[in-house]
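# Fold and geometry: a report
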Amino acid sequence: MSNELIFGFHSVEAILAKEPERFLEIYALKGREDKRLNPVIDQARKFGISVQFMQRKALDNKANGEQHQGIIANVKAARMYNEKDLDEIIAHEETPFLLVLDGITDPHNLGACLRTADAAGVHAIIVPKDKSAKLNGTARKVACGAAETVPLVQVTNLARTLREIKDAGVWVVGTAGETDTELFDANLTGPMAVVMGAEGDGMRRLTREHCDLLVKIPMAGTVSSLNVSVATGICLFEVLRQRNATQI
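Residues numbered from 1 in each chain as written. Predicted model: local features only at pLDDT ≥ 70, side-chain atom pairs only at ≥ 80, totals over all residues. Heavy atoms only, no water.

## Focus on the overall build of the protein chain
When helices and strands are counted, the protein chain shows nine helices and ten strands. When each of the 248 residues of the protein chain is scored for burial, the buried share is 48%. Of the contacts made within the protein chain by residues no fewer than 6 positions apart, 80% connect residues no fewer than 24 positions apart. Total accessible area on the protein chain stands at roughly 12400 Å², and carbon and sulfur atoms take up 48% of it. (Helix = DSSP H or I, 4+ residues; strand = E, 2+ residues; numbered from the N terminus. Buried < 20%, exposed > 50% of the residue type's maximum accessible area, 1.4 Å probe, protein only. Contact = heavy atoms within 4.5 Å. Areas by Shrake-Rupley, 256 points an atom, 1.4 Å probe, with all protein chains shown as cover.)

Below, the structure is given as structure tokens:
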């Protein structure tokens, strides 16, 4: 299994709380002793994790330009989820709530989508193995710990996966600016997969063809589109709002 570097407190704390056995070593900013860093270091040492203190320049070099907040960890790469795991997730949940990211290549956007998905109660995120951002240190830092709670499922053939989840009773809703159906007019209360396409290009043709419904976010201003992570947040929380409304 390969190793990876993770940056920032949220990422380190999330893995330390859930999978401390993955840690190989922690690198911390020398001379920084405060209430944010000290508890993390103390907890790491309880698990027998080596902690190395470094000058800022050395830490910056190790981070290779990433914002590290004074803490970096070398960890064993996380387990990757696949189609079989997705089948188990769908079978386990009474009303599955999935997010599909088609062609999202910016790790910052992936991390932001993970964070939003966690907040909205999404059970899994589905991405194609090719032409998709990897769950690297940047994505994990932006996700603020959500990368450790929301399974990121990599699939070989996204169109085939969409067919299979539809066969399992999941309604697939894609986002597209050219449709006449607005997000807030759609029924989003059942087992649901929300599909978000890449900025600019949107969903690929085959992905679009496998959607049961296309919706758009109404735009009242002069801009024609939103950042994909912002659009994802709007869509996911509309699903959550409708779900909560049906439970009252």
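## Some thoughts on the nonpolar core
Residues L99, L101, L114, I125, V194, M196 and L236 are the most contacted members of the largest nonpolar core, which totals 34 residues. Every element with two or more residues in this core is listed here: strand 5 (97-102), helix 5 (107-120), strand 6 (124-128), helix 6 (137-143), strand 9 (192-197) and helix 9 (228-246). Ranked by size, the runner-up nonpolar core spans 19 residues in total, among them A124, I165, V170 and V195. (Core = buried A, V, L, I, M, F, W, Y, C linked by side-chain atoms within 4.5 Å.)

## Considering helix 5
Taking 1.5 Å as the rise per residue, helix 5 with 14 residues should run 20 Å; its terminal C-alpha atoms sit 20 Å apart, in good agreement. Across the 14 residues that make up helix 5, a large majority, ten, are buried. All of the buried residues in helix 5 are P107, N109, L110, G111, A112, C113, L114, T116, A117 and A120. The inward-facing, buried residues of helix 5 abut strand 5, strand 6, helix 6, strand 7 (152-155) and helix 9. At the N-terminal boundary of helix 5, the capping side chain belongs to D106, with an oxygen 2.8 Å from the backbone nitrogen of H108. Downstream of helix 5 by one or two residues, G121 has phi in the positive range, about 85°. (Expected span 1.5 Å × (residues − 1). Polar contact = N/O pair within 3.5 Å; in protein donor to acceptor, adjacent residues only side chain to side chain.)

## Brief notes about a negative patch on the surface
On the surface, a cluster of negative charge is made up of D87, E88, E164 and D167. Among the elements of the structure, helix 4 (83-92) and helix 7 (158-167) are those that each provide at least two residues to the negative patch. Note that E88 resides in helix 4. Overall, the relative accessible area of 46% leaves E88 in the partly exposed class. (Patch = residues over 30% accessible without salt bridge, like charges linked within 9 Å, V, L, I, M, F, W, Y side chains within 5 Å. Salt bridge = Lys/Arg side-chain N within 4 Å of Asp/Glu carboxyl O. Lys, Arg positive; Asp, Glu negative; His and termini not counted. Charge placed at Lys NZ, Arg CZ, Asp CG, Glu CD.)

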